Amino acid sequence: MSVVTSLVGFPRIGAGRELKRVIERYWKGQASIEQVRQVAADLRSKHWRLQADRGIDLIASNDFSYYDQMLDTAILLGLVPARYRNLGLGAEDTLFAMGRGYQGPQGDVTALPMKKWFTTNYHYLVPEIEESAQVKLSSSKPFDEYLEARALGIETKPVLIGPYTFLKLARGPQGEVLHYDAGLIDAVAAVYAQVLRRFIELGAQWVQLDEPYLVLDKEEGDISLFKGLYARILPARSSSQGSVKLLLQTYFGHVGDCYETLKLQGFDAIGLDLVEGRDENLAALNRYGVSEGTTIVAGVVNGRNIWRNNYATSLGLIDAVRQVTPRLALSSSCSLLHVPFSLEGENGLDETVQAHIAFAVEKVGELEELAQLADAGESDRRESQVLAANQALFDGKRVQADAAVAARIAGLKAEDYARQPERAQRQELQRTELGLPLLPTTTIGSFPQTREIRAERARLRKGEISQAEYDRYIADCIDQVIAKQEQIGLDVLVHGEFERNDMVEYFGQHLKGFLFTQGAWVQSYGTRCVKPPIVWGDISRAEPITVRWSSYAQSQTQHLVKGMLTGPVTILNWSWPREDVSHELQTQQLSLAIRDEVLDLEAAGIRVIQIDEAALREKLPLRRSDWHTHYLNWAIPAFRLVHSGVKATTQIHTHMCYSEFNDIITDIDAMDADVISFEASRSDLTVLDAIQAAHFETEAGPGVYDIHSPRIPSQVEMEDRIRLILSKMDVSKVWINPDCGLKTRGEAETWPSLEHMVAAARVVRAELTQE
Ligand SMILES: Nc1nc2c(c(=O)[nH]1)N[C@@H](CNc1ccc(C(=O)N[C@@H](CCC(=O)N[C@@H](CCC(=O)N[C@@H](CCC(=O)O)C(=O)O)C(=O)O)C(=O)O)cc1)CN2
Ligand SMILES: [Zn+2]
C-alpha cells in the first residue's frame, strides 16, 4: 500500500468547456435546465472516474459548481439576500441572478460584487449577510453530490469552503467588513456541525474544509474567531451514528503564524501548501510538531502552474515532513481548478515541449507516481525509470538565452524608469493639447466580441477564409464601432479590440518567447474562461503589434482614438510564467517589448495610449511584509519603463479591475500614468475615500456601471454615481467610463448603456457649469 493521495479539487468546466457552453445556451433560452443538469452530472461522473481510475484515495466531491463555490456556500448557509429571493425564481435561476444580475419580468437587480480569489485569475462572488439574515442549512448540494458519486461506486471526500474563510470574505449590505458577534459565529458553526452530522449518517469517511484565508496576515480577533468556530464544529465529528474525519485544507501560502493553534485543535488532517508556503510551513512543522492522530497532507504538486513536478524536490519535501511525523499523505498544493484539463488532444505544442507540461489530469498521475516513489526504498528510488526520466527534464537548459535581450536589460539606467516632465505639468499641457471637456467620457477598450467575430476568427484558423478577408472584416467592425461612438458622443474613442481573442493571449501570440495551446482553458469567473499563453524563452517584440489597427481607427475619425496595450505585469500574471528565471526578469523583458510598441504608436500619431494593468494587484503577495520586497519594488518600475519615453503631451492611461487598491493606492499613483480607469461599480466606493486621503494625483475614472452583468443601467442611476464620485474627487481629475471592457456584452445592452452613460455625464456637466 502506498501513501494516501488526496486531491484538493478538480476543474469543473470540462475538457471541451461543456459546462460553459450549456449554461450560456440556457441563458439564451437555447437549452433547458434539465440539459444543464445532465451535462453537469456527466462531467462530475467523468471527473470522479478519472481520479478513481488513477488511484487517488481522497477524491473531492462538491468541488463542482455552476458558477462559483463561494456563491454555493452562501446558498448552503441560507444567505440569499431578500432582493434575489423576492424574484421568486427557481434554484438555478436565483443562483445565476446573484452571479450576474437579473433584469426581466420578475424584477431588476444587480449582481453580487465579484473579487479576485486570493492571488489567482479566478473570481468569487462576495456573499452578503443582511441584518435580518437567518443562517440555516438551506441546500442539499454537498449531500446530493456525495450520494451521486456513491451511486457510481466512488467514495468521495466532500469539500466545502470553511467557515473562517467564508466569514472573512463575506460582507454586509454596504460592503462593510462584518462584525463577528457570538450569534453569527454560533449560527454558522451550527450549520457546519449539521453538515458533518449529516455526512456521518450518509457514511462519509472524510470531509475537507478549505481555509485559505489562514495564509493571510492575522488581524486582531482572527484567531479567536477561528477557534470559536472550530470549537463548535470539531465535536460534531462523532455522534451516536458514527464518526467522520476532518481535513483542514490550507493553500496559497503558509500558516506559520497560526500553525500551533491549528495543531492544538486536533484535526484529523491538516493540508499544507509545500509549494508557495514551503519554508515557513516546514519550519512550523519542525518547531511545533504534529499532534497524535493528525495526518499532514503535503501539497507537493503545484496546482497553479503547468510545469512537470520535479520529483527529486518533492521527495525531499516528503522526507522533510517524515522527519516530523510518519502520518503523511500527498496532495496538490491547491485545487486544480486553476490549471487546464489535460494535455490530451493538445496538438498545438510539440512533443519536446509537452514533456515539460502537466495539466490537471497529468498532475493526478504525478501524485500517484510520487506516492509510489515515496514508499520506495533508497535503492528502488535509485533504479526507478520514472524518477530518472523526470530528472532528465530538469537537467540542462531548455532554451538558448537571447543575448540581445540580456544586453538591453543590462543597459537600463535609472532615467529609463522616470518620465519627464513631472505629472502635474503634463496634465496641464494635455488639457490644452487634447481639448477635452470636463468629465470626459470614454470606454475601456473592447466592444462586444460577438459570435460572428469569433466565428470569423475560427474560420481564419481553419483556413476557410484568407488573412485579407479576415482583415477586411476587422476593418468593417472598426468602421462601425467608430461611427457609433461618434454618434452617441463619446469623447475619447477606441478601436474595439475586435482583432484580439484575449488581451493577453493576443500579445503572447505576437511576441517572441511565447507558446500557445489549442484548448488549455481555465475558468476565470462564471462561464468565462481564459487560455493563458506559455512563456518558454526570453521575450522580445519582432515587429509592431497594434499600430496597424490603431492607426486605421484614428484615420477614420477626427476624434481622439486611444491606443490599447496590455501592460507587462498583466501579460506575465495572465500567462504561464517560466520557473527557471525570475518573474522580475520576465516582466522586464515584457516592459521593453511594450515600450517599443508605445513609442511606435506615438510615432504613428496616436495621442492617447492606454496600457492595461488589470492584473497588477493579483499577484501582490498575500503577506504584507512581502509586498514591496517581493513584488511592488519591481512591478511598479516595470510599468514606468513602458511609458517613460513618450512626449509630455501624449496621454498615458492605465486600467485595473476587480481588485482592492485602497492599501496600495500610493503605489498605483507611483506608476505615474496620467489617467487610470478602474472597477468601482460592483464594489463599495471606499476606494474614493482612499484616493482622497492619498492626494492621488492620477486623473481617474471610477467605473460608473458594471459590465460583467447583462443589466442595462439607467441614466439616473449613473448621474447619481457621478455626483457621488464628485463629492469625493476634484472635478478636473474625473473621467466617466464603464468599469471594464465590453467584450463579454452583447450589442443590445452595450449601446443603450453607453447612451445612458454619456447622457448622465452631460447632465452633470451642465449642472457644474450652471453653478
Ligand atoms: N486573460 C484574461 N484574464 C482576465 C480578463 C481577460 O479579459 N483576459 N478579464 C477579467 C475577467 N475575466 C475574463 C475572462 C475571460 C473572458 C472571456 O471573454 N473569455 C471568453 C474567451 C475569449 C477567447 O479567448 N476567445 C477566443 C476563442 C473563442 C472561442 O471559444 N471560439 C470557439 C469557436 C468560435 C465560435 O464561437 O463559433 C471555439 O474555440 O470553440 C476568440 O475570440 O478567438 C469566453 O470564456 O468565452 C472575459 C473576462 C479578469 N481576467
Ligand atoms: Zn478590466
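Just so you know, these numbers come straight off a predicted model, no measurement behind them.

Considerations on the overall build of the protein
A count of helices and strands for the protein gives 29 helices and 24 strands. With the principal axes as the frame, the protein shows a C-alpha extent of 75 × 60 × 50 Å. Sorting the 771 residues of the protein into buried and exposed places 61% on the buried side. For the protein, restricting intrachain contacts to residue pairs at least 6 apart in sequence, the fraction spanning at least 24 positions comes to 80%.

Some thoughts on the coordination of the zinc ion (ligand 2)
Of the protein atoms, only His655 (NE2), Cys657 (SG) and Cys740 (SG) coordinate the zinc ion (ligand 2), at distances of 2.1 to 2.4 Å. For the zinc ion (ligand 2), the single-chain donor residues occur in sequence as H-x1-C-x82-C. With cysteine 657 in the loop between β22 (651-656) and α26 (665-669) and cysteine 740 in the loop between α28 (715-726) and α29 (747-770), the pair connects residues that are 83 residues apart, well separated along the chain.

Looking at the site of ligand 1
Near ligand 1, the surroundings consist of 23 residues, among which Lys20, Asn121, Arg457, Asp502 and Lys743 are the closest. In the model, an oxygen atom of ligand 1 is placed 2.7 Å from a nitrogen or oxygen of the arginine 457 side chain. Expressed as a share of its isolated accessible area of 980 Å², the protein-covered part of ligand 1 is 88%. Those elements giving two or more residues to the shell around ligand 1 turn out to be α1 (18-27), α19 (451-461), β17 (522-525) and β18 (528-530).

Some details on helix α9 (residues 222-233)
Look at α9: 17 Å from first C-alpha to last across 12 residues, which is about the 16 Å you get at 1.5 Å a residue. Regarding α9, the residues found buried are Asp222, Leu225, Phe226, Gly228, Leu229, Tyr230 and Ile233. At its buried positions, α9 is contacted by α7 (163-169), α8 (182-202), β8 (206-210), β11 (245-249) and α10 (259-265).

Looking at the pattern of salt bridges
Overall, the coordinates contain 52 salt bridges when judged by the stated rule. When the shortest N-O distance is used, the salt bridge between arginine 44 and glutamate 148 registers 2.7 Å. Residue arginine 44 is located in helix α2 (residues 33-53), and its partner glutamate 148 is located in helix α6 (residues 141-151); the two are separated by 104 residues in the primary sequence. The partly exposed category is assigned to glutamate 148, whose relative accessible area is 23%. The residue arginine 607 makes a salt bridge to glutamate 433 at a minimum N-O spacing of 3.6 Å. In this pair, arginine 607 sits in the loop between α24 (583-603) and β21 (608-612) while glutamate 433 sits in helix α18 (residues 423-434), placing the two residues 174 residues apart along the sequence.

Looking at the side chain of serine 591
Structurally, the position occupied by serine 591 is in helix α24. Given a relative accessible area of 0%, serine 591 falls into the buried group. Discounting chain neighbours no more than four positions away, the residues touching serine 591 are Pro568, Ala638, Leu641 and Val642.

Looking at the domain arrangement of the protein
Interface extent is often summarised as the accessible area lost during association of the parts. Per the domain assignment, the segments making up the protein are domain 1 (1-11 + 43-79 + 110-249), domain 2 (251-328 + 343-369) and domain 3 (403-502 + 537-770). Placing a centre on the C-alpha atoms of domain 1 and another on those of domain 2 gives a separation of 21 Å. Each side of the interface is counted separately: domain 1 has 35 residues, and domain 2 has 28 residues. Each partner contributes to the roughly 2700 Å² buried at the junction of domain 1 and domain 2, and carbon and sulfur atoms together form 66% of this total. When the buried surface of domain 1 facing domain 2 is broken down by residue, Arg54, Val215 and Leu248 rank first, second and third, together holding 20% of it. Scanning the region where domain 1 abuts domain 2 turns up 2 salt bridges. In this structure, arginine 237 and aspartate 268 form a salt bridge, with 2.9 Å as the shortest nitrogen-oxygen distance. At the junction of domain 1 and domain 2, the tally comes to 10 residue pairs in polar contact (both at pLDDT 80 or more). Breaking the side of domain 1 that touches domain 2 down by element, the ones donating at least two residues are β1 (4-6), β8, α9 and β11. In terms of residue count, the dominant contributor to the side of domain 1 that touches domain 2 is β11 (5 residues). Considered class by class, the residues forming the side of domain 1 that touches domain 2 number 22 nonpolar, 6 polar and 7 charged.

Rules used in this analysis
Residues numbered from 1 in each chain as written. Chains lettered and ligands numbered in written order. Predicted model: local features only at pLDDT ≥ 70, side-chain atom pairs only at ≥ 80, totals over all residues. Heavy atoms only, no water. Helix = DSSP H or I, 4+ residues; strand = E, 2+ residues; numbered from the N terminus. Buried < 20%, exposed > 50% of the residue type's maximum accessible area, 1.4 Å probe, protein only. Contact = heavy atoms within 4.5 Å. Donors = N, O, S within 2.8 Å, 3.2 Å for Na, K, Ca; no water. Near = heavy atom within 4 Å. Polar contact = N/O pair within 3.5 Å; in protein donor to acceptor, adjacent residues only side chain to side chain. Areas by Shrake-Rupley, 256 points an atom, 1.4 Å probe, with all protein chains shown as cover. Expected span 1.5 Å × (residues − 1). Salt bridge = Lys/Arg side-chain N within 4 Å of Asp/Glu carboxyl O. Domains from an automatic or database assignment. Buried area = accessible area lost by both parts, 1.4 Å probe. Nonpolar A, V, L, I, M, F, W, Y, C, P; charged D, E, K, R; others polar.

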